[in-house]
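Overview (structure and organization)
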Amino acid sequence: MSRRHRRDPRESQSPEAVFSEMLLAARELLAVRSPLDAELMVSDMIGAWWGRRLRRGDAEQVLGEGLVDYAAKAGSPAALTLLIALAYLGTARQAAKAEGAALALMERDVARPRWADRLGVVKTTGCFVSRDAYGDQDTVVCTFGYRGADSVEDRHALVVIVDYNMRGIARDAWVSSHVDKLLEQARAEAEGNPMLRFGEIEPQQARALLESAMKATAEYGQRRTAVPVSDSYSAYHAFARSRIKALPPGRKRPAPLHSEAPYSRDRRAMLAAEFLSSDAAEHLSDPSAASRCADHIIDYGCDQDFGRPLRVSPTKCETFLLDWLPRKVMLSTAEQEAVPHVLGAWARFAAGRTCLPDEGLRATLDAVWEATGKFAESYRDPTTFGLDRDLLARLLPDGDLSALARRVFAFPFLQGTHGEIKLSLLNPADDTDRRILLGIDHAGELDRRDYDEHLAWHEEIAARLWEGDPPQLWEAAQRLLDLGHDRHDVLHVLIEIAERIGDDPEELAIALDDIADIPDEPPV
């Protein structure tokens, strides 16, 4: 399988410098011999800005459409060839602009390679999926060929890995021209491994699955600053997007392995009761703690794993125990001691229900036991830092441990008294109490002419910090706090940005990502 690795984008270059360099590189398109090589080259080229955020707008619009305009003005054979490729590989807006610009250059008799008219003229020759028995990931293989006069030529395969432990994102993508060898190898691996399943799927199913995965990758990038994709993903992203569009539409996305009907609260409770009364759970010594731990396991599977509480794997169990629980759930001391043992029992119970092969269960149990020792280090009970449990209950009514730091930042005065007000009786999750708390935080600013409006903006920021929406808000605050800035100055910077940007969530996220420091005279 061949892979291409894109160069790192040159952040310091102006768009015009980037476009000039790309157009210079596009001269190589005139020397390639096949449309496949040209498509891969241009996909790699425009992958340089995939996932980037710009201060001046959307990268696909500023850079992608800007490149189209730049190439249209250049009017050279290399520019025309690049425009023809962008008409197929670009976004809908880029493709429309590139097609119009390319037609205009053709009318002026600008030269182009003989294969240029074959770009994107492909036919699907088969779609396949390799799935592991755990349901951790799908490896989707879609094969294509260029339509010739009497046959399909230049066969190639698009390979995309869909990772269900990462919210179903497309984690990796590449292209292979060795189609028969690739398929033979996949079949042979599945025949010799009971933990793998390989088979053909309908092209409509493949399209629905891949469109969902690509969308999940884009959404993951909007919620977090870094997307856990392979180094080569960006280089193949445009190519993959265009090939997926070449697949016939018309089917719903196939359900991940071990998927079931949605779990209502009652159904979750019944599943927990079945587990606790099963042979797998009979050795658990604390039924109360085991019940609460089982609820956490089921909720994780239902809410974080496509409604699959019965799916178990080494990776899923490690992620639950060492990443999700320490970040998201407030556990009692009894639950902290019980949860690794409950998870092991759950793995036995679930494996019997899903017919997971014995070797899969053994590997999962081994992973749980290895993670058990690390869990004590990963899970840090906030009460060990001297925080009162009643205070934690007010700050974390939803049990979301990941929210603790940002909520303490938003509401620093929750204990003691202020005049006749007992702060311990105020609930920061309640709108009325929240305004009282923020008023106490601004007790020295009552003479401000814009006091009510200013306090309203603090309420807006406090509410966003409480919910973690957008995540970039708290990330920006932490960067400024790490530089030694005062809490109130940091809040005022966040208010200024929110007030200036308005209700556009994407623009707000970009503006918050761009915060590097506070000006010499911070807003008040």
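Source: prediction; values computed, not measured.

**Some points on the pairing of strand β3 (residues 122-132)**
Most of β3 is tucked away: eight of the eleven residues are buried. Where β3 lies against strand β4 (residues 137-147), nine bridges are found, and the strand directions are antiparallel. Bridge pairing in β4 places Gly126 opposite Thr143. Linking β3 back to β4 in an antiparallel pair, the connection comprises four residues, with Gly135 at a positive phi of about 85°. Judged from the five bridges that link them, β3 and strand β7 (residues 196-200) form a sheet pairing that is antiparallel. Considered in β7, the bridge of Asp132 is made with Leu196.

**Regarding helix α10 (residues 287-304)**
The first and last C-alpha atoms of α10 sit 25 Å apart over 18 residues, in line with the 26 Å expected at 1.5 Å per residue. When α10 is considered as a whole, its buried residues turn out to be Ala289, Ala290, Cys293, Ala294, His296, Ile297, Ile298, Asp299, Tyr300, Gly301 and Cys302.

**Some words on the packing of helix α12 (residues 333-354) against helix α13 (residues 358-378)**
Where α12 contacts α13, the axes come no closer than 10 Å and their chain directions differ by 175°. Classed by the angle they form, the pair α12 and α13 counts as roughly antiparallel. Taking contact as the criterion, the partners of Gln336, Val339, Pro340, Leu343, Gly344, Ala347, Arg348 and Ala351 in α12 are, on α13, Leu361, Thr364, Leu365, Val368, Trp369, Thr372 and Phe375. Class assignment for the residues of the contact of α12 with α13 results in ten nonpolar, four polar and one charged.

**Observations regarding the packing of aromatic side chains**
Within the structure shown, the criterion is met by 13 aromatic pairs. Here the aromatic rings of Tyr300 and Trp324 are separated by 5.0 Å at their centres, their planes lie at 50°, and the arrangement is tilted. Residue Tyr300 is located in helix α10, and its partner Trp324 is located in helix α11 (residues 314-328); the two are separated by 24 residues in the primary sequence. Pairing Phe411 with Trp466 gives two aromatic rings, centres 6.0 Å apart and planes at 75°, and the pair type is edge-to-face. Taken as a pair, Phe411 in the loop between α15 (404-410) and β8 (417-418) and Trp466 in helix α17 (residues 451-467) lie far apart in primary sequence, 55 residues in all. Residue classification places Phe411 among the buried residues on the basis of a relative accessible area of 3%. Grouped by ring-pair contacts, the aromatic residues Phe275, Trp346 and Phe349 constitute a single cluster.

**Focus on empty space enclosed by the protein**
This structure, assessed with the given rule, holds four cavities of 30 Å³ or more. Of the volumes computed, that of the largest cavity is approximately 70 Å³. For the largest cavity, the full set of lining residues is Ile297, Tyr300, Gly301, Pro309, Arg311, Val312, Lys316, Cys317, Phe320, Leu343 and Trp346. Within the residue set of the lining of the largest cavity, elements represented by two or more residues are α10, α11 and α12. A volume near 60 Å³ is recorded for the second largest cavity. Ile46, Gly47, Trp49, Trp50, Glu60, Gln94, Ser234, His237, Ala238 and Arg241 together form the lining of the second largest cavity. Top contributing element to the lining of the second largest cavity by residue count: helix α8 (residues 233-246), with four residues. Looking at the lining of the second largest cavity residue by residue, the class counts come to four nonpolar, four polar and two charged.

Conventions we followed
Residues numbered from 1 in each chain as written. Predicted model: local features only at pLDDT ≥ 70, side-chain atom pairs only at ≥ 80, totals over all residues. Heavy atoms only, no water. Buried < 20%, exposed > 50% of the residue type's maximum accessible area, 1.4 Å probe, protein only. Helix = DSSP H or I, 4+ residues; strand = E, 2+ residues; numbered from the N terminus. Pairing = 2+ DSSP bridges. Expected span 1.5 Å × (residues − 1). Axes fitted to C-alpha atoms, helices over the stretch in contact; angles between N-to-C directions. Parallel < 35°, antiparallel > 145°, perpendicular 65-115°, else oblique. Contact = heavy atoms within 4.5 Å. Nonpolar A, V, L, I, M, F, W, Y, C, P; charged D, E, K, R; others polar. Phe/Tyr/Trp six-rings, centres within 6.5 Å; stacked < 30°, edge-to-face > 60°. 1 Å grid on protein atoms, 1.4 Å probe; cavity = no way out; pocket = protein on both sides within 12 Å on 5 of 7 lines; lining within 4 Å. Points joined across faces, edges and corners; volume = space filled by probe spheres on them.

Any functional reading would require information that these geometric values do not contain.
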